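An overview of the molecular structure
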Amino acid sequence: MPRSTRLHPAARRLSGRLDKRTARIGVIGLGYVGLPLAVEFAKAGFRVTGFEIDAKRAATLNRGVSYIQDVPTAEVRTLVKEGRLRATLDFDELTRMDAIDICVPTPLRKTRDPDVSYIVAAVQAIVPRLKRGQLIVLESTTYPGTTDELVLPMLQEHGLAVGKDFFLAFSPERVDPGNAKYQTRNIPKVVGGVTPTCTTMVAELYATVMDQVVPVSSTQVAEMVKLLENTFRSVNIGLVNEIALMCDKMGVDVWEVIDAAATKPFGFMPFYPGPGLGGHCIPIDPFYLSWKARQSGFECRFIELAGNVNSGMPYHVTKRVYEALNSIRKPLRGSKILVVGVAYKADIDDVRESPSLDIMEILEKDGAKVSYADPYVPRIRHNGSNLNARPLSASAIRAADCVVIATAHKTLDYALIAKHARTIVDSRNALRGRRTRGVFKL
Ligand SMILES: NC(=O)c1ccc[n+]([C@@H]2O[C@H](COP(=O)([O-])OP(=O)(O)OC[C@H]3O[C@@H](n4cnc5c(N)ncnc54)[C@H](O)[C@@H]3O)[C@@H](O)[C@H]2O)c1
């Protein structure tokens, strides 16, 4: 019997619409994750509607302009013009969608507990508009159990049966902003449905836009996959940060150690120390996992330890600033510090959770006069007001008592920094052999 005839009628209909690209796709939340995904579906020939609560983002998109660095405006303009991509604030339009992807934020509360209120709000918007045959996919990173324990009961209030009348799945988003090689299409897509039919439906949805789909046996496995990936990064970065602190005490150059270790062709993967973790994923996601584990009476020691080491790194960088200033007989109070790079990682414009901001705050609290340069970030909100970037000129570098390299954007002029800076704290080993005098590495 062909697979499609084994499917329930609602699934068969959805399958046919996906196949013919006549299915309407809705994406709730058009940020770093939602917008690239919406664009990919529109490029595959679907009509895509983005559901936003941010009126400015929706209006910008509807003018054909991209506000996400990895999404070219030229692409958005064409898709909007052709009527294949638009944004709306009107959630009643959800009833017209065949598949709905939820891509809303999942931050932490101050207590490091998961804040799933955005997911709840998105699902609450779907519940009264849920329609027979719809596929709902949660993409936001969250703790294992969210789809089955939180989202499913809410959707079932509607009275439809999951796996028969509607379909529900989790599929972790693995996008890596600024990565030119791996983008939405060629990053394999893990999918896990509440029922086997839900898995079939979500796999069919993503097979239309992704090179490879990886079905797993449950939503919990799919949720856990993402948390394993990001915990792996957090713990390994924590380990290498601790090794960096240890090497500092022993007078060993950690960067040279890592470069040499990385020549081993198997069994080693280089991670690099830095001023701390940033972004919306690595500093946050592992705590979703440890929170959930605590509910089952399990303490995730690695996660907590890596979190402690990583969150201490901005303090280590500022300690280096004290040492740099000490070498030119200056106190921190009143000294001019130029922080180079405020994005949380190289070659992107995202400052969420950026350790550069922590470094600036610590130095300012201790009386330093802090400015910053970052070609990707013209202005930041800092201590309740707007702060503009300075151009990275010879005079700006010379005017500083210490230059702190916090983000190693490829386009920065490191030769200029090496030539003109009085002292340098290089937390990324960005100067690599350009200068050693007056340079304080991590
Ligand atoms: N940024 C990344 O690199 C990345 C990578 C992988 C996974 N993720 C995960 O993806 C999810 C989204 O992250 P992001 O970086 O795209 O966030 P983002 O802040 O860039 O975008 C979220 C968007 O959702 C909108 N929104 C919030 N509540 C809404 C609601 N109720 N209805 C409609 N729109 C709503 C916001 O206005 C915003 O535009 C998070 O769970 C994150 O952990 C992010």
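So, a few notes on the structure that sits alongside this text.

Overview of the packing of aromatic side chains
Applying the stated rule across the entire model yields six aromatic pairs. Ring geometry for Phe-41 against Tyr-206: centres 6.1 Å apart, planes inclined by 35°, an arrangement best described as tilted. Residue Phe-41 is found in helix α3 (residues 34-43), and its partner Tyr-206 is found in helix α8 (residues 196-207); the two are separated by 165 residues along the sequence. Residue classification places Tyr-206 among the buried positions, given a relative accessible area of 0%. With centroids separated by 5.7 Å and ring planes inclined at 70°, the aromatic side chains of Phe-232 and Phe-271 adopt a geometry described as edge-to-face.

Concerning the site of the ligand
Around the ligand, the structure places 27 residues, and the nearest of them are Val-33, Glu-52, Arg-57, Thr-106 and Thr-141. Contact between the ligand and Val-33: an oxygen atom at 2.9 Å from a main-chain N or O atom of the residue. Note that an oxygen atom of the ligand is positioned 2.7 Å from one of the side-chain N or O atoms of Arg-57. Summarising the interface, the protein chains cover 93% of the accessible area of the ligand, which totals 830 Å² for the free molecule. Class assignment for the residues of the shell around the ligand results in 15 nonpolar, six polar and six charged.

So, the side chain of Glu-173
The topology assignment puts Glu-173 in the loop between β6 (167-170) and β7 (189-193). A distance of 3.0 Å separates a polar atom in the side chain of Glu-173 from the backbone nitrogen of Val-175. Discounting residues that sit within four places of it in the chain, Glu-173 has contacts with Val-33, Glu-139, Lys-189 and Lys-226.

What to know about the sheet that holds strand β8 (residues 213-215)
A sheet is described by the order of its strands in space; here eight strands give the open sequence β3-β2-β1-β4-β5-β6-β7-β8, paired in mixed fashion. Each having just a single partner strand, β3 (85-88) and β8 make up the two edges of the open sheet. Within this sheet the neighbouring strands show an average axis-to-axis angle of 25°, counted without direction. By the bridge criterion, four bridges tie strand β2 (residues 47-51) to β3 in an arrangement that is parallel. Bridging across to β3, Gly-50 finds its partner in Ala-87. Where helix α7 (residues 146-156) meets the sheet, it contacts β5 (135-138) and β6, and its direction lies at approximately 155° from that of β6.

Notes on the packing of helix α11 (residues 285-295) against helix α12 (residues 301-327)
One way to put it is that α11 packs onto α12 with a least axis distance of 9 Å and a crossing angle of 140°. The angle between α11 and α12 falls in the class oblique. Here the hand of the crossing between α11 and α12 comes out left-handed. Residues Pro-286, Phe-287, Leu-289, Ser-290 and Arg-294 of α11 form the contact with α12, whose participating residues are Ile-303, Glu-304 and Gly-307. For the contact of α11 with α12, the per-class residue count stands at four nonpolar, two polar and two charged.

Overview of α12
Between the first and last C-alpha of α12 there are 39 Å, a value that for 27 residues agrees with the 39 Å anticipated at 1.5 Å per step. In the segment just after α12, Arg-329 is the residue with positive phi, at about 60°.

Some words on the nonpolar core
Of all hydrophobic cores here, the largest spans 80 residues; its most connected members are Ile-28, Leu-155 and Tyr-206. Dropping the residues within four chain positions of it, Ile-28 is found in contact with Phe-51, Phe-91, Leu-94, Ile-100, Asp-101, Ile-102, Cys-103, Val-104, Ala-122 and Ile-126. Core analysis: the second largest hydrophobic core is formed by 37 residues, Val-240, Met-313, Ala-343 and Leu-357 among them.

Focus on the pairing of β5
Working note: regular strand, side chains alternate between the two faces of the sheet. Of the two faces of β5, the one carrying Leu-135 and Val-137 and the one carrying Ile-136 and Leu-138 are both buried. One crossover worth recording links strand β4 (residues 99-102) to the parallel β5 by way of helix α6 (residues 117-126), and it is right-handed. Bridging between β5 and β6 involves four bridges; their strand directions are parallel. Each bridged residue has a counterpart across the sheet, and for Val-137 the counterpart in β6 is Ala-169. Viewed along the sheet, the connection from β5 through α7 into β6 turns out right-handed.

Some remarks on the side chain of Ser-171
Along the chain, Ser-171 falls in the loop between β6 and β7. At 3.0 Å, the side chain of Ser-171 and the side chain of Lys-189 are in polar contact. Among all residues touching Ser-171, those that are not within four sequence positions of it are Val-137, Leu-138, Glu-139, Lys-189, Val-190, Val-191 and Tyr-206.

Describing the sheet that holds strand β13 (residues 402-405)
Within a sheet, neighbouring strands are paired by backbone hydrogen bonds and run either parallel or antiparallel to one another. The five strands are arranged β10-β9-β13-β14-β15 in an open sheet whose pairing can be described as parallel. Taken across any chain shown, the strands that pair with only one partner, and hence form the sheet edges, are β10 (369-373) and β15 (439-441). On average, each strand axis in the sheet is inclined to that of its neighbour by 20°, with strand direction left out of account. Sheet topology places strand β9 (residues 336-340) next to β13; four bridges connect them, and they run parallel.

Overview of unusual backbone geometry
Not every positive phi belongs to a glycine, and Arg-329 is a case in point at roughly 60°. With respect to the secondary-structure elements, Arg-329 resides in the loop between α12 and β9. Despite not being glycine, Asn-383 shows a phi value in the positive range, around 50°. Of note, Asn-383 is situated in the loop between β11 (379-382) and β12 (385-388).

Definitions and limits used
Residues numbered from 1 in each chain as written. Predicted model: local features only at pLDDT ≥ 70, side-chain atom pairs only at ≥ 80, totals over all residues. Heavy atoms only, no water. Phe/Tyr/Trp six-rings, centres within 6.5 Å; stacked < 30°, edge-to-face > 60°. Helix = DSSP H or I, 4+ residues; strand = E, 2+ residues; numbered from the N terminus. Buried < 20%, exposed > 50% of the residue type's maximum accessible area, 1.4 Å probe, protein only. Near = heavy atom within 4 Å. Polar contact = N/O pair within 3.5 Å; in protein donor to acceptor, adjacent residues only side chain to side chain. Areas by Shrake-Rupley, 256 points an atom, 1.4 Å probe, with all protein chains shown as cover. Nonpolar A, V, L, I, M, F, W, Y, C, P; charged D, E, K, R; others polar. Contact = heavy atoms within 4.5 Å. Pairing = 2+ DSSP bridges. Axes fitted to C-alpha atoms, helices over the stretch in contact; angles between N-to-C directions. Parallel < 35°, antiparallel > 145°, perpendicular 65-115°, else oblique. Left-handed = near helix turned anticlockwise from the far one by under 90°. Expected span 1.5 Å × (residues − 1). Core = buried A, V, L, I, M, F, W, Y, C linked by side-chain atoms within 4.5 Å. Right-handed = clockwise from strand over helix to strand, strands pointing away.

Purely spatial values, then, with no claim about function.
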